[in-house]
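A look at the structure
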Amino acid sequence: MTTIAWDGKTLAADRRVNFGGVTDAKVHKIVRREDGALAGSAGNTSLGAAFKRWFLSGEPGERPPLSREQETANGVIIRPSGLIEIHDDCGWYEAEAPHYAIGSGWEIALGAMAAGASAEEAVRIAAKLDGNTGDEVETLTLPPPPAARLVGL
């Protein structure tokens with residue numbers, strides 16, 4: 001699987017893909033859209049790739065399925081406002097939280113962030129304890145909101 005962590009500013013993910021025990025393949029599990037929104041997927045790689053393609057294309061129509069036979073994936077979207085959307089095979093919901101994590105190492109990452117770790121550090125910690133999380137980590141940072149315009153000055 002994987003670990004994806006959000007610390008309120010940065011989305012981090014490992015890059016490991018596991019094909020029946022072979023773990024030397026790597027993919028990008030997190031992406032940024034032109035409007036600044038971030039997204040990531042954990043679980044089945046092809047289901048997650050379809051989720052990320054749908055997100056990058058502007059989320060047209062219905063979201064692609066996140067389950068097929070006995071395979072599942074989860075997705076997360078971080079809106080430019082910082083709102084978190086969690087997507088799974090049952091649907092999706094919004095959450096407001098200082099940190100969030102998905103994937104096989106989510107509990108480890110969430111605990112690490114609660115103890116003060118950044119999202120990147122949390123994924124690295126999860127990689128030490130979760131055999132399905134790789135040690136190569138990539139990060140994307142949510143751009144700061146535009147500066148307020150002062151009127152009449």
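Scroll up for the structure.
Residues numbered from 1 in each chain as written. Predicted model: local features only at pLDDT ≥ 70, side-chain atom pairs only at ≥ 80, totals over all residues. Heavy atoms only, no water.

Next up on the list: the layout of surface pockets. Empty pockets left among the atoms are what a rolling probe the size of a water molecule brings to light. There is about 260 Å³ of room inside the largest pocket. In terms of lining, the largest pocket is formed by 18 residues, of which the most central are Met-1, Asn-18, Gly-43, Asn-44 and Thr-45. Counting residues per element, the ones that place at least two in the lining of the largest pocket are strand E3 (16–19), strand E6 (38–43) and helix H1 (45–56). Per-class residue counts for the lining of the largest pocket are six nonpolar, eight polar and four charged. (1 Å grid on protein atoms, 1.4 Å probe; cavity = no way out; pocket = protein on both sides within 12 Å on 5 of 7 lines; lining within 4 Å. Points joined across faces, edges and corners; volume = space filled by probe spheres on them. Helix = DSSP H or I, 4+ residues; strand = E, 2+ residues; numbered from the N terminus. Nonpolar A, V, L, I, M, F, W, Y, C, P; charged D, E, K, R; others polar.)

Let us now look at the environment of Arg-79. Within the element layout of this structure, Arg-79 appears in the loop between strand E8 (71–78) and strand E9 (84–88). In this structure Arg-79 comes out as buried when scored by relative accessible area, which is 17%. For the pair Arg-79 and Gly-105, spaced 26 residues apart in the sequence, the C-alpha separation amounts to 23 Å. Apart from residues lying up to four places away in sequence, Arg-79 is in contact with Arg-33, Ala-37, Glu-59, Glu-85 and Leu-142. In terms of polar contacts, Arg-79 uses its side chain to reach the side chain of Glu-59, at 2.8 Å. (Buried < 20%, exposed > 50% of the residue type's maximum accessible area, 1.4 Å probe, protein only. Contact = heavy atoms within 4.5 Å. Polar contact = N/O pair within 3.5 Å; in protein donor to acceptor, adjacent residues only side chain to side chain.)

Before going further, it helps to spend a moment on helix H3 (residues 119–129). Ala-119, Ala-122, Val-123, Ala-126 and Ala-127 are the residues of H3 that are buried. Viewed end-on, H3 has its buried residues packed into an arc of 140°, placing them on one side of the element. In H3, those exposed residues whose orientation departs by more than 90 degrees from the buried face are Lys-128 and Leu-129. Turning to H3, the residues buried within the fold contact strand E1 (3–6), strand E2 (10–14), helix H2 (106–114) and strand E12 (137–141). (Arc of directions from axis to C-beta.)

It is worth spelling out the pairing of strand E11 (residues 100–103) at this point. In summary, the side chains of a regular strand alternate between the two faces of the sheet. On E11, burial covers both faces: Tyr-100 and Ile-102 on one face and Ala-101 and Gly-103 on the other are all buried. By the bridge criterion, four bridges tie E1 to E11 in an arrangement that is antiparallel. Looking at the pairing, Thr-3 lines up with Gly-103 of E11. (Pairing = 2+ DSSP bridges.)

Taken in spatial order, the four strands of this open sheet run E11-E1-E2-E12, and their pairing is antiparallel. Each end of this open sheet is capped by a strand with a single partner; those strands are E11 and E12. Adjacent strand axes in the sheet meet at a mean angle of 15°, parallel and antiparallel pairs treated alike. Helix-sheet contacts for H2 involve E1 and E11, and the interaxial angle to E11 is about 160°. (Axes fitted to C-alpha atoms, helices over the stretch in contact; angles between N-to-C directions.)

Moving on, we get to the packing of aromatic side chains. For any two aromatic rings, the description comes down to two numbers: the centre-to-centre distance and the angle of the planes. One pass over the full model with this rule turns up one aromatic pair. Geometrically, the ring pair formed by Phe-51 and Trp-54 is tilted, given 5.8 Å between the ring centres and 40° between the ring planes. Of this pair, Phe-51 and Trp-54 both sit in helix H1, three residues apart, roughly one helical turn. Trp-54 matches Phe-51 in its accessibility class, with the two residues each being buried. The ring of Phe-55 has Arg-33 lying over it, and the distance from NZ or CZ to the ring centre is 4.3 Å. (Phe/Tyr/Trp six-rings, centres within 6.5 Å; stacked < 30°, edge-to-face > 60°. Lys NZ or Arg CZ within 6 Å of the ring centre and 35° of its normal.)

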